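A structural walkthrough
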Amino acid sequence: MSRTAPDPEALLSVRDLEVTFGSGDRVVHAVNGISYDLAPGETLGIVGESGCGKSVSSLAIMRLLPKPAARVRSGSVILEGQDLLDLSDEEMRRIRGDQMAMIFQDPMTSLNPVLPIERQLTEVLETHRKLKRSGAVDRAVELLELVGIPAAKNRLRDYPHQFSGGMRQRVMIAIALACDPQLLIADEPTTALDVTIQAQILELMRTAVTERGTALILITHDLGVVAGMAQRINVMYAGHIVERATTDELYGRPRHPYTVGLLRSIPRLDEGRGELVPIQGQPPDLSRQIIGCPFADRCFNVLDRCREEMPPLEQAPSAADEHLVACWNPAEGERLVPSGFESELAS
Amino acid sequence: MTKFIIRRLLLLIPILLGLTLLIFVFTRLLPGDPATTILGERATAENMALVRESLGLDRPLHEQYFQYMGGLLQGDLGRSFITNRDVVDDFLQRFPATIELSLAAIIFAIAAGIPLGVYTAKRRGTWVDAGGTILSLIGISIPIFFLGLMLKWIFAIQFPILPDSGRIDLVNYFIPRVTNFMTVDALIAGEPGGFIDALRHLVLPALALGTIPLAVIMRITRASVIDVLNEDYVRTAHAKGLRDRTVDGRHILRNALLPVVTVIGLQTGLLLGGAILTETIFTWGGVGRWIYDAVTARDYQIIQSGVLMLALIFVLVNLIVDISYAFLNPRIRHS
């Protein structure tokens, strides 16, 4: 798939995206040539542990990577037929916040502490929708009501510190949805929140994107979060997509040993109080050159070939639907999670 | 907020009490006394004793202190030992000159320091930033008297483009004193030429006095902007697709300036100390020069009350800064 032409039906096509940090002696290869498509209105989960490149690849799509530390080495990011990486800074700025928006992990720090939330909402509308102040304020109230902020009108002049974490994340969602973007990227949107609030925020996001037909990229390290939300999931490891499948298929028949390990490490309600099975070892140091599969040292299915050659991302043998895996010796696809467990995880 | 202000004002009492004692002790530690200034060095011992007695200087130190404090508590800051003029009158007459100079210096420091700080912060790690760092370190370390003399030597003597001393050209302009702000008085007198001349006289002393605050403000702005540049909400602002200048002004600067405001306040207070040297070098008839002359003449009463008034102003300026800080920062305003 990595060499295929961008799908003309897709809203977003990422091809061979490669991002590095640093220069000279110490170059960290954060994203190593990933490719995927996202259909309009689709929700895609990107799963992986810290440092696997999931956030970096999304920031690269938004062109928000820290300069000059990070560099997009190669690849293309095609949104509606337009390669975002070719645009000028000014052209890209017009797209950000309008056609594509992003929600970040920590709602405590992602809002400007010295501006009332009214201003933080209206400035997006004024910039992209050319609304006058009063029109923008009316729209801001609508948006706050949409994301479930009680007495929205009275809270316009409040500052971020007067809101709870969950409420702040609702404000962030309102800001992101302000201009009805076609693509919303949510980077660990619930990680910093209480468990009870997490479910509410996920539900809000699900309703919002379904109603508007917004495509959503949901980045998380928490397999439970994506299960009930995403139609398709990319599993990332050490800057590569190692497995990509529909949610049912991935949870039902994981093929990559890393995905298998991730699913085994989730605590389960339907089993006894046995010990969890962690994945042994540590992710590789991305500032060193890795020969072969980066997961080889931690893999229970490792072959000699794995240490010599990186396996391509290809259709898994005897898999239903589209199920891509980058592995020389994939797991058989035993059912690890009982049917219906996906929705249980999310609720 | 009101509670906060009242608490701060109450705190002034112990601070000022402590200060009076400190200043009193320090003036008495200076070698010599006012009697020498009044009578000269060849005066007879009897005459010296007579003058000391009339000034109350023959009494034990603690009695002198309590007498001084007694006056203070009744609002009497005393009279000069040498001219017998009321200290408060003298102070008020000279203070506008010092304010004029300090304002010019701090405006210069802010107007140059903040943009330079932002500029170098955004170019962190480049040679521009390194150059700025070196210049600001020189600016912080250079002694005012040296900088003042060098400025005078270069711009008033080698290349005589600016006046070297005083507040206005007294030969060409006669400006009646109304407010004692020379620039304002020149305008009141309807003398645009005098106004320009007063501004020209301000340039060198303001540069000398403003250089340290300029360097400090630049350093703090730079550090603060660099901190804020890494904040999540700046990334959010960019993710919203805001124009760069909106991100800079509304999101970066508003947050980055919070610590800078505190520093500006502190530096404004410290200018009063720097003014003593600057006013002496440029013969500027302000409070600084007045206190300098009083120290030379051992005019204890002026030193004590003059420094006390400067200290009071310093503390009040800081209170105003704290209050304005609360207005800029909603997290403090609401707590």
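Above: the structure in question.
Residues numbered from 1 in each chain as written. Chains lettered and ligands numbered in written order. Predicted model: local features only at pLDDT ≥ 70, side-chain atom pairs only at ≥ 80, totals over all residues. Heavy atoms only, no water.

Bringing the overall build of chain B into the picture now. A tally of helices and strands in chain B yields 14 helices and zero strands. Listed by position from the N terminus, the elements making up chain B come as α-α-α-α-α-α-α-α-α-α-α-α-α-α. Each of the three principal axes of chain B carries a C-alpha extent, and together these read 85 × 55 × 40 Å. Residues classed as buried in chain B amount to 44% of the 335 residues present. In chain B, 74% of the contacts between residues at least 6 apart in sequence involve partners at least 24 apart. One way to put it: in chain B the 29 positive side-chain charges average out to a point 13 Å from where the 26 negative ones average out. (Helix = DSSP H or I, 4+ residues; strand = E, 2+ residues; numbered from the N terminus. Buried < 20%, exposed > 50% of the residue type's maximum accessible area, 1.4 Å probe, protein only. Contact = heavy atoms within 4.5 Å. Lys, Arg positive; Asp, Glu negative; His and termini not counted. Charge placed at Lys NZ, Arg CZ, Asp CG, Glu CD.)

It is worth spelling out the packing of helix α9 (residues 192-229) of chain B against helix α11 (residues 244-281) of chain B at this point. Residues and elements named next belong to chain B. Where α9 contacts α11, the axes come no closer than 8 Å and their chain directions differ by 160 degrees. The angle between α9 and α11 falls in the class roughly antiparallel. Regarding α9 and α11, the two cross each other, and that crossing is right-handed. Classifying every residue of the contact of α9 with α11 by side-chain character gives 19 nonpolar, seven polar and no charged. (Axes fitted to C-alpha atoms, helices over the stretch in contact; angles between N-to-C directions. Parallel < 35°, antiparallel > 145°, perpendicular 65-115°, else oblique. Left-handed = near helix turned anticlockwise from the far one by under 90°. Nonpolar A, V, L, I, M, F, W, Y, C, P; charged D, E, K, R; others polar.)

Right, let's talk about the side chain of D37 of chain A for a bit. Residue and element names in this part refer to chain A. If you trace the backbone, D37 turns up in strand β2 (residues 28-38). With a relative accessible area of 14%, D37 lands in the buried category. Engagement of the side chain of D37 in a polar contact is seen with the side chain of S13, the distance being 2.6 Å. (Polar contact = N/O pair within 3.5 Å; in protein donor to acceptor, adjacent residues only side chain to side chain.)

Now for the packing of aromatic side chains. Residues and elements named next belong to chain A. Tallied over the full model, the rule gives eight aromatic pairs over all chains. Their ring planes at 70 degrees and their centres at 5.2 Å tell us that Y258 and F295 sit as a pair that is edge-to-face. Residue Y258 is located in helix α11 (residues 257-264), and its partner F295 is located in the loop between α11 and β11 (314-315); the two are separated by 37 residues in the primary sequence. F295 shares its class with Y258; the two are buried. (Phe/Tyr/Trp six-rings, centres within 6.5 Å; stacked < 30°, edge-to-face > 60°.)

Moving on, we get to the interface of chain B and chain A. Residue-level contacts link 21 residues of chain B with 27 residues of chain A. Carbon and sulfur atoms supply 55% of the area buried between chain B and chain A, which totals about 2200 Å² over both sides. Of all residues in chain B, the largest losses of buried area upon contact with chain A belong to R235, K240 and R250 of chain B, amounting jointly to 26% of the total for that side. The tally of links from chain B across to chain A stands at 14 residue pairs in polar contact (both at pLDDT 80 or more). Those elements that provide at least two residues to the side of chain B that touches chain A are α10 (232-239), α11 and α14 (330-333) of chain B. Here the residues of the side of chain B that touches chain A are counted per class, giving six nonpolar, seven polar and eight charged. (Buried area = accessible area lost by both parts, 1.4 Å probe.)

On to the nonpolar core, then. Nonpolar side chains in soluble globular proteins generally cluster together in the buried interior. If you look at the biggest cluster of nonpolar residues, it comprises 104 residues, and the most contacted ones within it are L12, Y36, M100, L144, L183 and I217 of chain A. When residues in this core are grouped by element, the largest group, seven residues, is from helix α7 (residues 165-177) of chain A. Those residues in contact with L144 of chain A that lie beyond four places of it in its chain are I117, L121, I149, A152, L156, V171 and A174 of chain A. Membership of the second largest hydrophobic core comes to 22 residues, among which are L16, I303, L308 and M309 of chain B. (Core = buried A, V, L, I, M, F, W, Y, C linked by side-chain atoms within 4.5 Å.)

To continue, consider a nonpolar patch on the surface. Residue and element names in this part refer to chain B. A contiguous nonpolar patch, built from F145, F146, L149, M150, W153, I157 and L277 and spanning about 670 Å² of accessible area, is present on the exposed surface. Per element, the largest residue contribution to the nonpolar patch is six residues, and it comes from helix α7 (residues 144-158). Within the secondary structure layout, W153 lies in helix α7. (Patch = residues over 30% accessible without salt bridge, like charges linked within 9 Å, V, L, I, M, F, W, Y side chains within 5 Å. Areas by Shrake-Rupley, 256 points an atom, 1.4 Å probe, with all protein chains shown as cover. Salt bridge = Lys/Arg side-chain N within 4 Å of Asp/Glu carboxyl O.)

Now for the sheet that holds strand β1 (residues 12-21) of chain A. Residue and element names in this part refer to chain A. Spatially, the four strands line up as an open sheet ordered β2-β1-β4-β5, and their pairing is antiparallel. At either end of the open sheet lies a strand with only one pairing partner, and these are β2 and β5 (82-83). Direction of pairing for β1 relative to β2: antiparallel, over a ladder of eight bridges. Along β2, the bridge assignment pairs L17 with I34. Relative to the sheet, helix α1 (residues 54-62) contacts β1, β2 and β4 (70-79), its axis offset from that of β1 by approximately 115 degrees. (Pairing = 2+ DSSP bridges.)

Moving on: the state of the cysteines. Counting across every chain of the model gives zero disulfides over all chains. C299 of chain A takes part in no disulfide bond, and the closest cysteine sulfur to it belongs to C327 of chain A, at a distance of 5.8 Å. (Disulfide = S-S within 2.5 Å.)

What follows covers the side chain of T127 of chain A. Residue and element names in this part refer to chain A. The topology assignment puts T127 in helix α4 (residues 117-128). Under the relative-accessibility criterion, T127 is labelled buried at 9%. From its side chain, T127 meets the backbone oxygen of E123 in a polar contact 2.6 Å long.

With that out of the way, let us pick up α11 of chain B. Between the first and last C-alpha of α11 of chain B there are merely 45 Å, a value that for 38 residues lags more than 12% behind the 56 Å anticipated at 1.5 Å per step. At L253 of chain B, α11 of chain B is deflected by roughly 45 degrees, the largest bend along its length. (Expected span 1.5 Å × (residues − 1). Bend = angle between axes of the 7 residues up to and from the residue.)

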